[in-house]
Every structure is written in structure tokens, then in C-alpha cells.
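A structural walkthrough
In case you want the letters, here they are:
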Amino acid sequence: MPEGTVKQGIGASVRRKEDKRFLIGKGNYTDDINRAGQLHVYFLRSPVAFADIVSIDKQKAEKASGVVAILTGEDVAADNLGGPICGWVPTNKDGSAPSEPPHPILANGRVRYVGDHVAAVFAETLEQAMSAAELIDVTYSEMPAITDLKTAMDKPQIHDGMENNTYFDWELGDEAATNDAFDKAATIVKVDIRNNRVIPNAMEPRAAVADYDTGDERYTLFTTSQNPQLTRLVIGAFMLNIPESKLRVVAPDVGGGFGSKIYVYPEEAVCVWASKKLRRAVKWTADRTQAFLGDAHGRDHISDVKLALDKNNRITGLRVDTLANLGAYLSAFAMVTPTYLHGTLLSGVYDIPAIYTNVKGICTNTVNVDAYRGAGRPEATYLLERTMDVAAKQVGMDPAEFRRLNFIPKDAFPYQTAVALQYDVGDYEPLLDRAMAMIDYKNFENRRAKSAKNGKCRGIGMSTYIEACGIAPSAVVGALGGRVGLYESAVVRVDPTGTISVLTGTHSHGQGHDTTFAQLVCDKLGVDIEAVEIVHGDSDRTAFGMGTYGSRSLAVGGTAISKALDKVIAKGKIIAAHMLEAADADIEFKDGKFTVTGTDREKSFGEIALSAYVPHNFPHDRLEPGLEETSFYDPLNFTYPSGTHIAEVEIDPATGVVELMDWVCCDDFGNLINPMVVEGQVHGGIAQGVGQALYEEAAYNDNGQLLSASYMDYCMPRADHFPSLKVENLVTACTHNDLGVKGCGEAGAIASPPAVINAVVDALSPLGVTDITMPATPQKVWQAIQSAQTKAAE
Amino acid sequence: MYSTKYVKAKDIDDAATIMASAEDGKFLAGGMTLIPTLKQRLANPDCLVDLSACGLSAIADDGSAIRVGAMTRHVEVAESALVQKTIPAVADLAGHIGDRQVRNCGTIGGSLANNDPAACYPAALLALGGTVHTQSRSIAAEDYFDGMFETTLEEDEVIREVSLPKPEKAAYVKFPNPASRYAMVGVFVAKFADGVRVAVTGAGEDGVFRASDLEAALDANFSADAIADGTVSADGLMSDIHASAEYRAHLIGEMTRRAVTACG
Ligand SMILES: Cc1cc2nc3c(=O)[nH]c(=O)nc-3n(C[C@H](O)[C@H](O)[C@H](O)COP(=O)(O)OP(=O)(O)OC[C@H]3O[C@@H](n4cnc5c(N)ncnc54)[C@H](O)[C@@H]3O)c2cc1C
């Protein structure tokens, strides 16, 4: 290999190419973009959770200084605009279609959550728009807010005609077989699970700048999107009725998404709509409060879990009944997240012959809930891994050994679960063994005793997770109610001098694609990493692609790049054969050189590129000039990362404060392209999972007011909450993509919450505590200790 | 933020004069509380009177007390050799307010004028039996705090400086609110020759208060053991999403024990 390539190709921890521009302040975010003559829009939001709008008096506001227009739901209705759509709609268990109530981009007659969009005020400056909004007089006729997930089904309809405030009632698995397993069970384990509601909190709030060009009658939207092509399709075809070719969507640098920037929200569409209506560019940037109130939240499930064991403590059946709070309107992937991304993961890494799950999607007067880092798989993993611990305790086994006993054995792959998925490959015991060795599991009791001497309660907890990512095979998605394909596109454009642009349909908003994808190119073509540019996020430049979420970018997008690179090499070989006057079959490509096998006759990659664009000596009879190849790759299956995470905590019983003392994990993500980037993704995922487990809670009161609507009340995980995380990997390569990769973006967030809670419960178990809900805040831990002690005293 | 007028006062009398002529003016100290309030349009003053050029930042030894100028920033108190030597508990308190940025801007005068029920300095002032000096008078701590975010300062009254008596021993222990890291419960224990004073912040429905039951217990026996569980009643304590009144009552006892232990 030429010097340097080893350090840049697959497996090298290359420093992130994109970081320079971020570190020197040269990032280009949506809010950095300004268009000549732009207006600013401010959204007047509902201060109440559930009300009919009796009247909106905007006369005074319209006369306020700088105001250009005020649009409301009436204008939306008059222009016959659509709302955000649901991208994946599973069928009800009775075979009927779920409810998809309309979601007007500005409320029409009724508001359904605090923050719902009531009016859009357009003015020369943002300050003027805000001041004018204060002059709008809205009369509401309030109704009691419906915020409690457990009782929402018995309350009046939030959307007229939607019975029991239920969007869908879905099932998966074999109920009869599962009942049978429980009838014959030696042990039945029951656990109540609450998966707390969290707020994504991307560092950059959402923003949009829309501009309509009256000359070529074309719109441009710059926006904070994880999937600009999808945004273009939804806004163009479903919301505003704009021919797709007349809408360009650009997602420039985006500061994190975690799922919340997958969906098209009303604000972005209003900007596009108004840019033509008002013949002015329109800009909107959410402030942090708007982000808390308006970005789709995550999780929010209640589940009844039952596990059946035979007399040897082997799992024979699992039943899960879940209520999922989806909020006031359906967001794009709101229905698939608690169903096909959740129910299908209930087998975990365990050999469970019978599984049945029923999930009801419930409407409440809260903001939409949708996919958030992990999307359904964290909820499934949490309930299963908590239940595994409760079960182990109930039958008197060590939690590690109880898991081991029930693992899918390594010779059972491909393994068909009882809930639709087929795991292609995996080997779970070595991951468990390694993690246990890393944390010195066998000497834990010594550490517990030492902590006890200092008045502290020490606990250890694990999670042996699996997830399904690299979403996803389009045919499977379609069969399960998906309305989109989930292939990915790549264009590899070789320039005449041999430099390379890769145009990908994925989108990087923190994941480091500029680096990881470039490494694929270095590895295949033997070029220097500086010769490679990764282009993403502009619908005018990239081929149609599906964007970044579900840890799909490398497994699907990267494979597409790999396939396009193969096509480049194949074409290069024919050119080389022509130039070297050899047969195609005699040309081999290695280390950036096309060589006639067994000779020293060779052409460099750059020479071939030049020849493709200056085709003087070129096989015109066989090839078109140019060196640019496209691949659309549709995977055959999901990918299945797995691993073991173990957390050790110390609790101060006098205050209830939980401190993380140690964290180890051993993950199997298949082959690693850039181990450093992978480790970073794992760290971030763990931090978010620990946030959910210990700190974060979106708390609504009975009136539907969000009580935790700022960082004064919403607690984010911070660097000083963490010990140094010990991250290792083992590899079983994915069997169905060229790179053998699986995906690592969400695993940390999926694996970590149950490890933390299992550790907390383990720490408190000597005090008689058997369960605690997330987040395990100091107050909750203290209360759990109090009630356990009261109970013990009785 | 609404637009407003900004004036930099030359000295404390100038500040008072400008304020008197404004309809609804506000003094601006470190701006750590005021600026976010303005940005969120929660206040709409017609004039901001900046105190930064009024020469109000100094720390001086006054025999039995130390005097701290109103515009003295938290970082200056935390790093002051004089404060560290005479009332280390106050240096420690200042050193744990907010984050570095907040400590580099926020001031003792701003903190005391704002009287946030979760702020730290009010506990120090009350436990030490300090005095707030304005351009026109001196107000004893007991007469200064007037409920959450309320003080007995007049509209155009400027805090000039604060005197804090030197105790025999003192310690401040804060249980931070997990989200904001303000005090969810903060207890300042000060032992003087004539008795123990305990002030609690972050917990009271009316803001900072003296805990007489704890003072009595510690007067009788200045040791952590003197604080039995249940000494502090939950009556009059705040309940919110982070902590119930009962949990706060428990934490007050626990933080007091820790403060007494820290007194050495
Ligand atoms: C992120 C963050 C974390 C924080 N954490 C803590 C914490 O842990 N503990 C804590 O105690 N505090 C905390 N604070 C508050 C901080 O201490 C502020 O500095 C303080 O509340 C206000 O001081 P300031 O100098 O910034 O005053 P400003 O914000 O400028 O003013 C506050 C108010 O006081 C008035 N005022 C100011 N100076 C005078 C004066 N000399 N005379 C009369 N009126 C005056 C102003 O008019 C205004 O109404 C935090 C603040 C932030 C932003």
C-alpha cells in the first residue's frame, strides 16, 4: 500500500475532517444564512393545552410597525394546504386502518397542546414580529386537558371522530402460543414498566430560511433536517402542492438531531408557503423554549410485562401490553416507533419460543412524540432487560448467568425470532464475558462491602442488548405499512485530475460522515483522504436518498458508496485494459494502480481518470467517457448490533444521589471503519441513555403545561456525571452488506438505561427496594428508601 | 428583548438620580439574572442603569466584619485572600455559584437585590447577621428579605456594600438542584460567641429563612448528632418537580449535619 493509506483506510482512527471548520467557527448552519430582503416570522403559540379558538383578532397587530402579514389557520384552509404526514402506518389488529387525524400547519378552530401554532406573524425584524404577536387577541374556549396516558382513552375526543383517543391498536406475535406458555409455566414474572418521556435537545434548535425566486418560479429551503430529500418530497407533494423539481431543500451543517429533525414540522412549511405568498424570503429560528415545547419528544410508554419460565429457568413465553403516548398529532414515524421498531425487538438476545405484544397508540394534549435516538428499540430493551433482572432475582440466579442460560446460541444463526425479525449473525457470550472481565464482576461484592463501610450503597447492573438498525429493506418496510423506501443512494464523481466527490443521500449532523465515508474511498481507490469530498444535504446536488437515522448511514449509505466505487473500478479496468493493450481479465486494481497481472505495466488511478475525461485513447466502442457512477443500494435485512453494558453505581442513602462509578461495554458493531468515531458515538449514546435513566423528564402538569421547559428544570447529563467510559468491541461481520458493518449510532442510548436502573435497584436491594422508575432522581431514590423502610417496619 | 435605554452611572448618587428620573428603570449589575429576563421579555424597563463604573467593587477588613462592595463579582469573593482567611465559608459559597461564566459576571449586590429563593448569598447574609448598606441607609439582614424575589429596598435604592460579621466557625453546604444547580436546599451554619445561626435557602415558600429549631439544637450541642431526623418540619417548604416539601425538610437536616461537620 502507498504510504499513508493504512492510516486512512478502513479501520483507521482518522481525525474528523469536518472538525476544523467547526472549531474555527466556519460551520455554516441554517441560522447563518440570510437572504436579501428577508422577513422574520414569529409563531404565536397556544398557551393552553386544549381549547376551541373562538376568535382571533389581528387588526391591531397588523398595524404594528414593521408587520407585513399575519397568517392563521383560515389562510391555510383557504389555500387548501396539507399537513405533516405519517410515513409508516401499521394496520390495526382487527385489520382496519389507524386514525390519521388532520394536522393543519396553523391551528384551525382548535388547539391541542401548549405550543400549538395559532398564527404566523411576518415582520421586517424578529423583534417587531414578536411585539405584534403580543397584540393578537385570541379568545379560547378551554376544555380540560388530557395528559394522563393511563386514562386518556376514557376522556372526550381530542380529534373529532377518533374514538377513545386511540390512533391505533396493534399486535404482533402468537397470542395463543404465548397463553399456552404461561399456562404451563413453572414461574411467571410480572413487571410494570414506565419509559419516561424525554426531550431531544439537539444543540442547534430548528431553523428555516425559505426563498421563492419569481424568475424561475422555484423555491429554496435551507433547513435543519436529517433528511432533506424527504423534507422536499413531503413539503412539495403532500403539504404545499409544489412540483418537486421546483423545490430545492438544503440541510447545511446541522447541530444534532437525535431523530427530532427527521420530521417535517409546520414551521418549515409555513416559511416555504409564505415566501411565495409574500414575495419575500422568510426566516425562522426556534429559541430554546420553542424547542422544548415544539420539537417531537421521545419515549413515553407504559408497559405490562409478563415472562414465563420453565422449571429450568428457560424462558418459554413473553407478553407485553403497551400504551404509547403519541401526543396531540401524528408525527412522521410516530406509529412505527412503538410498533415495528419496538415489538419486533422483544426477543432481545434470547431464545424465546412464544411472544405476543399489543400496543395502543394514544392521543393526549401534549406535543407529538416520535423517534428519538434508538426509536422503539430503547423502549423494548429497557422493558426486557429490566424484566431479566427481576426474573433472575425471583428465581435466585445471578443476572449474568440467567441471561447466559437464555442466550440464542451462536450456532443458531440465522435465527428467526417469534416477532418477525431474522437475526443474521451474532455471538453474545463473548461480549458478556469480556464486559464482566472488564469490570471485574466477580469481585464486585468486595467493592460493595467497601462502599458500605463509607455509608454508601453500591450496585452493579447490566444490559445485554440487541437492536435492529441499518434501516431498512424497502420491501419489508412496505409490507409492514411503510410509505417510503429505505434504500440509499451514492454518486461517486471522479474529477479529471483524480480527486473525488461522493454525493450521498444520507446526512451528517454530528456523525462524522465526512471522515468515515472518505475512508471508504481511500480504502478502495488508494487515494489520499484529502482528495475526497463528501457532499450531502442539497437536493439539487445529491441523488434521492433517505437521510440519516436508525443507524443506517454506513450500513446502507456506506454500502451504496462501496458499490458505486466498485463500478468506478470496473470501468477503470476497461479503460486501463484499452490503454495497456491487455485483456480486461488481466487487469488488477490495487493500491491505486491498474496493473497488467504479472507485469510492471501499470496506469495510476489519476491517469485513468484523466483518460476518462480527455478520451483521446479510449475504448469508445465499449464505454461512454467520464468516470461517475451511481448506486442505489437496498439492503436485504436489518443489521443487528449487540453487546453488553455494565454500570456500577454508588448511592448516598442520606440524600438519594446516584453516582456512576464505572462503566464498561463490549459491543459488536460488525467491522469498524473508524474506531474513534465509533467510540464517540457510543459515548454520546451512553450519555443520553444515562440522562434518561437518572436525570431527564419531560413533565407536564394536569393542565398540560410543560413544567420542564428550560434547562432550569430539565436536567441534562453533564461531563462531570460520568466516570471514564471503557469501550471495547468484538466483531461478527454483518453477512449481507459488502462492508460487514452494522451501525453504532444508537446502541449506547439503547443499552444504557436498563444497565443504570438495574444497578440502582441492585444497590438499594439490601434496603428492601425492588423497583424504581426512570429517571432515578435523588428525590425518587430517597422516597424509595423511605417507603421500603416503612414497609419493613410494618 | 424590548428596546430600552442604557446609561452608565458615574457613581452611586448619579445612579440614584438617573433611576429617580426613569419611569420604570432597573439597575444593571452583572446581568446574569436581568439580561435573560429581558431577553425573554419578562421585564420591560425603560432604562438600564449600569453600576459597573460606580466603584463599588472592593473587599475590606472592618475589624469584626468584612465589607464587600455591591459590584464585587463572585470570582473575586471566591479568590479573595481576606475572605478565605476570615470567613472561608463565604469564599467557598461564592466559588460554587453557577459556572465560571456566571462567577465572572455575577455580583453579590445583584444576588442580594434579586433575592432568588434558590440563591446562595441570602443564606450567608442571614446566617452571619450581616447588614446591607445602600446610598441612604443600613438594613439589617433580618429586616432586608421580604419574601421570594422581594426585599425592603426602595425603587431607587442602590446597594453600596454589604458587611458580613466574622463568625467563630461557619460552613455552607448546598444540595444543588440537579438541573439548574442553584440551591435546592442550601444551609449556612454560623457559630458566634453568643450563639449559632442557621439560615436555609432554596427551600422556603417565602425565600431564605432562619431555622430556629436547628439553632436551638446546635446551641445546646454543636455537633452533627444534635440534629435528629424530623427536627425540621415540612410546613412552609416548597414542593416542585424536583423535591417535595418532605424531601426538602429531610435535606435541610442532612445539609445542616454536613455543615456542622464541615465547621470542624
Ligand atoms: C447559569 C446560572 C447559574 C446560577 N447559579 C447560581 C447559584 O448556584 N447560586 C446563586 O446564588 N446564584 C446563581 N445564579 C445567579 C447569579 O448569582 C447572579 O449573579 C445573581 O442572581 C444576579 O447577580 P448579577 O450581578 O448578575 O445581577 P443582575 O442580573 O445585573 O441584577 C439582578 C437584579 O438585581 C438588581 N440589582 C443589581 N445590583 C444592584 C444593586 N447594587 N443595588 C440594587 N439593585 C441591584 C437589578 O436591578 C436586577 O433586578 C446563577 C445564574 C446563572 C445565569
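Not measured: the values here are computed from a predicted model.

**Quick look at the overall build of chain B**
Looking only at helices and strands, chain B has eleven helices and twelve strands in total. On C-alpha atoms alone, chain B measures out to a radius of gyration of 18 Å, which is about the 18 Å that the 2.2 N^0.38 rule sets for 264 residues. Projected onto its principal axes, the C-alpha coordinates of chain B cover approximately 55 × 45 × 30 Å. By residue count, 56% of the 264 residues in chain B fall in the buried class. Put simply, 58% of the contacts in chain B that link residues at least 6 apart link residues at least 24 apart. Accessible surface, chain B as shown: approximately 11100 Å² in total, 48% of it carbon and sulfur. For chain B, the separation between the mean place of its 23 positive charges and that of its 36 negative charges on side chains is 8 Å.

**A closer look at the packing of aromatic side chains**
If you walk through the whole model with that rule in mind, you get 21 aromatic pairs over all chains. Here Tyr487(A) and Phe632(A) contribute two aromatic rings whose centre-to-centre distance is 5.8 Å and whose plane-to-plane angle is 50°, an arrangement assigned as tilted. Note that Tyr487(A) is positioned in the loop between helix H13 (474-479) and strand S19 (488-494) and Phe632(A) in strand S25 (residues 628-633), a separation of 145 residues in sequence. Judged by relative accessible area, Tyr487(A) falls into the partly exposed class, the value being 22%. The class of Phe632(A) is partly exposed, set by a relative accessible area of 48%. Residues Tyr144(B) and Phe145(B) carry aromatic rings whose centres are separated by 5.0 Å and whose planes lie at 80° to one another, so their mutual orientation is edge-to-face. What makes Phe145(B) buried here is its relative accessible area of 14%. The rings of Tyr350(A), Phe407(A), Phe413(A) and Tyr428(A) are connected pair by pair, giving a single aromatic cluster. In this structure, Arg206(A) packs its charged tip against the face of Tyr265(A), placed 3.5 Å from the ring centre. The ring centre of Phe222(B) lies 5.7 Å from the NZ or CZ of Lys191(B), which sits over that ring.

**Description of the domain arrangement of chain B**
Domain boundaries assigned for chain B yield domain 1 (5-50), domain 2 (59-165) and domain 3 (169-263). Each of domain 1 of chain B and domain 3 of chain B has a C-alpha centre, and these two points are 34 Å apart.

**Considerations on the sheet that holds strand S9 (residues 169-176) of chain B**
Residues and elements named next belong to chain B. Pairing within the open sheet is antiparallel, and its four strands lie in the order S9-S10-S11-S12. Looking along the sheet, the strands with just one partner apiece sit at the ends: S9 and strand S12 (209-210). Packed onto the sheet, helix H5 (residues 88-95) meets S9 and strand S10 (183-192) and runs at close to 20° relative to S9.

**Some details on the nonpolar core**
All names here are of chain A. Within the largest apolar cluster, 134 residues are counted, with the highest numbers of intra-cluster contacts made by Trp663 and Val760. No other element matches the eleven residues that helix H18 (residues 747-764) contributes to this core. Taken together, domain 2 (38-143 + 203-256 + 261-294) and domain 3 (298-471 + 637-793) each give at least three residues to this core, which thus spans both. For Val760, the residues in contact, after removing those within four places along its chain, are Val649, Ile651, Val658, Leu694, Ile772 and Ala776. Ranked by size, the runner-up nonpolar core spans 48 residues in total, among them Val521, Val527, Val568 and Leu580.

**Examining the pairing of strand S23 (residues 593-596) of chain A**
Residues and elements named next belong to chain A. Summarising the sheet, strand S22 (residues 587-590) and S23 pair through four bridges and their orientation is antiparallel. Each bridged residue has a counterpart across the sheet, and for Phe589 the counterpart in S23 is Phe594. The loop that links S22 with its antiparallel partner S23 comprises two residues; one of these, Asp591, has a positive phi angle of about 50°. As judged from the three bridges shared by S23 and strand S24 (residues 602-604), these two strands associate in the antiparallel manner.

**Section: unusual backbone geometry**
Residues and elements named next belong to chain A. The omega angle of the peptide bond from Phe413 to Pro414 is -5°, so this bond is cis rather than trans. Within the fold, Pro414 resides in the loop between helix H10 (399-406) and strand S16 (415-416). Met774 connects to Pro775 through a cis peptide bond whose omega is -10°. Its place among the elements puts Pro775 in the loop between H18 and helix H19 (778-793). Unlike most non-glycine residues, Asp440 shows phi in positive territory, near 55°. Looking at the element boundaries, Asp440 is found in the loop between helix H11 (428-439) and helix H12 (444-453). When its relative accessible area of 29% is taken as the criterion, Asp440 is described as partly exposed.

**So, the domain arrangement of chain A**
Residue and element names in this part refer to chain A. For chain A, the assigned domains read domain 1 (19-27 + 487-633), domain 2 (38-143 + 203-256 + 261-294) and domain 3 (298-471 + 637-793). Computed over C-alpha atoms, the centres of domain 2 and domain 3 are 36 Å apart. Per-residue buried area on domain 2 facing domain 3 is highest for Trp88, Tyr263 and Phe292; these three make up 30% of the total on that side. At the boundary of domain 2 and domain 3, one finds eight residue pairs in polar contact (both at pLDDT 80 or more). Looking at the side of domain 2 that touches domain 3 residue by residue, the class counts come to 19 nonpolar, five polar and six charged.

**Looking at the packing of helix H9 (residues 377-394) of chain A against H18(A)**
Residue and element names in this part refer to chain A. Relative orientation of the contacting elements H9 and H18 amounts to 30°, with a least axis distance of 8 Å. With respect to each other, H9 and H18 are oriented roughly parallel. The chirality of how H9 crosses H18 is right-handed. Across the interface between the two elements, Arg377, Pro378, Thr381, Tyr382, Glu385, Arg386 and Asp389 from H9 touch Ala749, Ile750, Pro753, Pro754, Ile757, Asn758 and Val761 from H18.

**Quick notes on the pattern of salt bridges**
Within this structure, the stated rule accounts for 71 salt bridges over all chains. A salt bridge links Asp61(B) to Lys166(B), with the nearest nitrogen and oxygen atoms 2.7 Å apart. Taken together, the residues Asp61(B) in strand S4 (residues 59-61) and Lys166(B) in the loop between strand S8 (159-165) and S9 connect sequence positions 105 residues apart. The network of salt bridges with shared partners includes Asp440(A), Lys442(A), Arg447(A), Arg458(A), Glu648(A) and Glu650(A).

**Observations regarding the confidence of the model for chain A**
With 99% of its residues at a pLDDT of at least 70, chain A reaches an overall mean of 97. A low-confidence stretch, residues 1-5 of chain A stays under pLDDT 50, and its non-local contacts, those more than four residues away or across chains, total six contacts.

**Section: the layout of surface pockets**
Each pocket or cavity is described by its volume, and for the second largest pocket that value is around 780 Å³. In terms of lining residues, the second largest pocket is bounded by 28 residues, among which Val657(A), Asp720(A), His721(A), Pro176(B) and Arg181(B) are the most central. Counting only elements with at least two residues in the lining of the second largest pocket, the list comes to strand S26 (642-652) and strand S27 (657-668) of chain A together with H5 and S9 of chain B. Looking at the lining of the second largest pocket, the element that brings in the most residues is S9(B), giving five residues. Looking at the lining of the second largest pocket residue by residue, the classes come out as 16 nonpolar, four polar and eight charged.

**A look at the side chain of Asn227(A)**
Residues and elements named next belong to chain A. Its place among the elements puts Asn227 in the loop between strand S10 (218-223) and helix H6 (228-239). Judged by relative accessible area, which is 0%, Asn227 ranks as buried. Once residues lying within four places of it in the same chain are set aside, the contact partners of Asn227 are Lys261, Ile262, Met546, Gly547 and Tyr549.

**Things to note about the packing of helix H17 (residues 675-695) of chain A against H18(A)**
Residues and elements named next belong to chain A. In the contact formed by H17 and H18, the axes pass within 7 Å of each other and the chain directions differ by 45°. In terms of their interaxial angle, H17 and H18 are classed as oblique. Every pair of crossing elements has a handedness; the one defined by H17 and H18 is right-handed. Of the residues in H18, those touching H17 at Val682, Gly685, Ile686, Gly689, Val690, Gln692, Ala693 and Leu694 are Gly748, Ala749, Ser752, Pro753, Val756, Ile757 and Val760.

Here is what the cut-offs are and how they apply
Residues numbered from 1 in each chain as written. Chains lettered and ligands numbered in written order. Predicted model: local features only at pLDDT ≥ 70, side-chain atom pairs only at ≥ 80, totals over all residues. Heavy atoms only, no water. Helix = DSSP H or I, 4+ residues; strand = E, 2+ residues; numbered from the N terminus. Rg over C-alpha atoms; globule rule 2.2 N^0.38 Å. Buried < 20%, exposed > 50% of the residue type's maximum accessible area, 1.4 Å probe, protein only. Contact = heavy atoms within 4.5 Å. Areas by Shrake-Rupley, 256 points an atom, 1.4 Å probe, with all protein chains shown as cover. Lys, Arg positive; Asp, Glu negative; His and termini not counted. Charge placed at Lys NZ, Arg CZ, Asp CG, Glu CD. Phe/Tyr/Trp six-rings, centres within 6.5 Å; stacked < 30°, edge-to-face > 60°. Lys NZ or Arg CZ within 6 Å of the ring centre and 35° of its normal. Domains from an automatic or database assignment. Pairing = 2+ DSSP bridges. Axes fitted to C-alpha atoms, helices over the stretch in contact; angles between N-to-C directions. Core = buried A, V, L, I, M, F, W, Y, C linked by side-chain atoms within 4.5 Å. Buried area = accessible area lost by both parts, 1.4 Å probe. Polar contact = N/O pair within 3.5 Å; in protein donor to acceptor, adjacent residues only side chain to side chain. Nonpolar A, V, L, I, M, F, W, Y, C, P; charged D, E, K, R; others polar. Parallel < 35°, antiparallel > 145°, perpendicular 65-115°, else oblique. Left-handed = near helix turned anticlockwise from the far one by under 90°. Salt bridge = Lys/Arg side-chain N within 4 Å of Asp/Glu carboxyl O. pLDDT = per-residue confidence, 0-100. 1 Å grid on protein atoms, 1.4 Å probe; cavity = no way out; pocket = protein on both sides within 12 Å on 5 of 7 lines; lining within 4 Å. Points joined across faces, edges and corners; volume = space filled by probe spheres on them.

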